Amino acid sequence: MEKYEKCSVCGKLVYENRIETLNIHEVPSLFCSDWCVDWEKIRVQKKKQAQKLLI
């Protein structure tokens, strides 16, 4: 049976080039690129900045 694995950020199917590391919640996750690893961290920072603007 085939196993389809997706990037935890963008949902792209991951084949050979894979990055397995902890996500922002310290849970092992699969990423398709360095960009997705970085984007997860940047997205959290942007959300915090946006919340500060709403206050």
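Up top is the structure these notes are about.
Everything numeric in this text was worked out from a predicted model, so none of it was measured.

Criteria and thresholds
Residues numbered from 1 in each chain as written. Predicted model: local features only at pLDDT ≥ 70, side-chain atom pairs only at ≥ 80, totals over all residues. Heavy atoms only, no water. Helix = DSSP H or I, 4+ residues; strand = E, 2+ residues; numbered from the N terminus. Expected span 1.5 Å × (residues − 1). Buried < 20%, exposed > 50% of the residue type's maximum accessible area, 1.4 Å probe, protein only. Contact = heavy atoms within 4.5 Å. Disulfide = S-S within 2.5 Å. Pairing = 2+ DSSP bridges.

Visitor: Could you clarify how one ought to interpret unusual backbone geometry in this entry?
Guide: Excluding glycine, most residues fall at negative phi; most peptide bonds, likewise, are trans. At Glu26, a position not held by glycine, the phi torsion is positive, near 65°. As for its placement among the helices and strands, Glu26 is situated in the loop between strand S1 (19-22) and strand S2 (28-31).

Visitor: Would you take a moment to explain helix H1 (residues 34-54) for this structure?
Guide: Since the α-helix packs 3.6 residues into each turn, any two residues three or four apart lie on the same face. Taking 1.5 Å per residue, 21 residues should reach 30 Å; H1 reaches 31 Å between its end C-alpha atoms and fits that length. All buried positions along H1 are accounted for by Cys36, Val37 and Glu40. Buried residues along H1 sit against S1 and S2.

Visitor: Hey, could you run me through the state of the cysteines in this one?
Guide: As used here, a disulfide is simply a covalent bond connecting the sulfur atoms of two cysteines. Tallied over the full model, the rule gives zero disulfides. Unpaired in terms of disulfides, Cys32 finds its nearest cysteine sulfur in Cys10, a separation of 3.7 Å.

Visitor: Mind showing me how you'd approach the pairing of S1 here?
Guide: Moving residue by residue along a regular strand, the side chains alternate between the two faces of the sheet. Where S1 lies against S2, four bridges are found, and the strand directions are antiparallel. Opposite Leu22, over in S2, you have Pro28 as the bridge partner. Linkage of S1 to S2, two consecutive antiparallel strands, is achieved through a turn of five residues, within which Glu26 is found at a positive phi near 65°.

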